[in-house]
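Single-letter residue listing:
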Amino acid sequence: LNLILGGDVVYDSHSEILFRRHSSNESTGGKDFFRKIQVEFSEKNRCAASMQAKYMLKNFGKEISEENKNILHHFANYKTSLNSKIWILLNKDIVRESFVMNIIFKTKLLLGYI
């Protein structure tokens, strides 16, 4: 979201904040394959990306580049637009953090869960 709104990502190789992951966290980073699927398909995560895209277009549309608006429009409309769904599926720049998460993402897209 930061990048869509024109922000920057900076990598800092020095550890500045101590953080310990707890077993109750909903992040899928350290979970096994079946737990990742369970968290990704939970009701809490259903349609989060499309709702965020609609929110960003509505509230920040004037500050977002045309290229990023196009990406957001595809995410906001993928449920009603086959063209948007195919565009997201085939876009090589839209990736998750691992091969497994990419497969889960594409499955969620096809089932209307993003």
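See the structure printed just above.
Below or above, wherever it landed, is the structure these notes cover. (Residues numbered from 1 in each chain as written. Predicted model: local features only at pLDDT ≥ 70, side-chain atom pairs only at ≥ 80, totals over all residues. Heavy atoms only, no water.)

Quick word on the packing of helix α4 (residues 82-90) against helix α5 (residues 99-111)
Following both chains from N to C, one finds α4 and α5 inclined at 175°, their axes separated by 11 Å at the closest point. When the axes of α4 and α5 are compared, the pair comes out roughly antiparallel. Across from Lys-85, Ile-88 and Leu-89 in α4, the residues of α5 making contact are Phe-105, Lys-106, Leu-109 and Leu-110. Among the residues making up the contact of α4 with α5, the classes are represented as 5 nonpolar, no polar and 2 charged. (Axes fitted to C-alpha atoms, helices over the stretch in contact; angles between N-to-C directions. Helix = DSSP H or I, 4+ residues; strand = E, 2+ residues; numbered from the N terminus. Parallel < 35°, antiparallel > 145°, perpendicular 65-115°, else oblique. Contact = heavy atoms within 4.5 Å. Nonpolar A, V, L, I, M, F, W, Y, C, P; charged D, E, K, R; others polar.)

Description of the packing of helix α1 (residues 33-40) against α5
Between α1 and α5, whose axes approach to 11 Å, the crossing angle comes to 35°. Crossing geometry of α1 relative to α5 is assigned as right-handed. Contacts between α1 and α5 pair Phe-33, Lys-36, Ile-37 and Glu-40 from the former with Val-100, Met-101, Ile-104 and Lys-108 from the latter. Looking at the contact of α1 with α5 residue by residue, the classes come out as 5 nonpolar, no polar and 3 charged. (Left-handed = near helix turned anticlockwise from the far one by under 90°.)

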